[in-house]
Amino acid sequence: MAWTSMHFAVGMLGGGVLGVAVAAVVRRGTRWVPLAMTAGGFWALVPDLPRLWREDFPGLPLASVLGDKELERSLHGVGDLFFLHARLDAQPREYALHGLILILFLYNLALMWQILFPPKALVGVDTRLLKARRRGPEGHRPPVLSEHLERETRRGDEGPAVIGRIEPGVSAGAHEAAGD
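Criteria and thresholds
Residues numbered from 1 in each chain as written. Predicted model: local features only at pLDDT ≥ 70, side-chain atom pairs only at ≥ 80, totals over all residues. Heavy atoms only, no water. Helix = DSSP H or I, 4+ residues; strand = E, 2+ residues; numbered from the N terminus. Buried < 20%, exposed > 50% of the residue type's maximum accessible area, 1.4 Å probe, protein only. Contact = heavy atoms within 4.5 Å. Phe/Tyr/Trp six-rings, centres within 6.5 Å; stacked < 30°, edge-to-face > 60°.

Caption draft 1: Spatial organisation of the overall build of the protein chain. A count of helices and strands for the protein chain gives 11 helices and zero strands. Residues counted as buried form 26% of the 180 residues belonging to the protein chain. Contacts spanning at least 24 positions in sequence make up 57% of the contacts within the protein chain whose residues lie at least 6 apart.

Okay, structure coming up:
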């Protein structure tokens, strides 16, 4: 159980690599990579879960089923399916502290990546909507999307925007003249 942090760290590394590969294939952002890293870390711990149930939580429901020694032996038999679990168990030294350091490094790397390279949707307001509203044919404007967008249109280079409703077929100048 002392090696659990190294198992989790190697699983995180494997889950992160898989997450980045999937993000590259589907051409999506990498915002799901930290979740893939966490899932990979938990997947790497699966062979140790029967011992956890048997030794640490014997009074909980289903502990006798989930903590079965035969289940533990079968999971350890195919341990390399869980991000090299069997190979890490065969190491002569404990790497618990190394695993903790690697976990902290990988999570911080994933978070810093999100901060340094945010998705385009989070960078700023999409100004194409604002420009399209200003350039629309006279008398026809799309409905106001929000107060924020309305305030942004008032700050434009083309003078103050008309606040209020514009009926189809009536020019914006007619509304300004009427004091609407």
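Caption draft 2: Summary view of the packing of aromatic side chains. As enumerated under the stated definition, the model contains three aromatic pairs in all. Ring centres 5.3 Å apart and planes at 80° place the aromatic pair Phe-8 and Phe-42 in the edge-to-face group. With Phe-8 in helix 1 (residues 4-25) and Phe-42 in helix 2 (residues 33-44), this pair connects stretches of sequence that are 34 residues apart. Judged by its relative accessible area of 12%, Phe-8 is buried.

Caption draft 3: Expanded view of unusual backbone geometry. Phi is positive for Phe-83, close to 50°, though the residue is something other than glycine. Structurally, Phe-83 can be placed in the loop between helix 5 (69-77) and helix 6 (85-89). Residue Leu-84 is not a glycine yet carries a positive backbone phi of 60°. Tracing the backbone shows Leu-84 in the loop between helix 5 and helix 6.

Geometric values such as these leave the question of function open.
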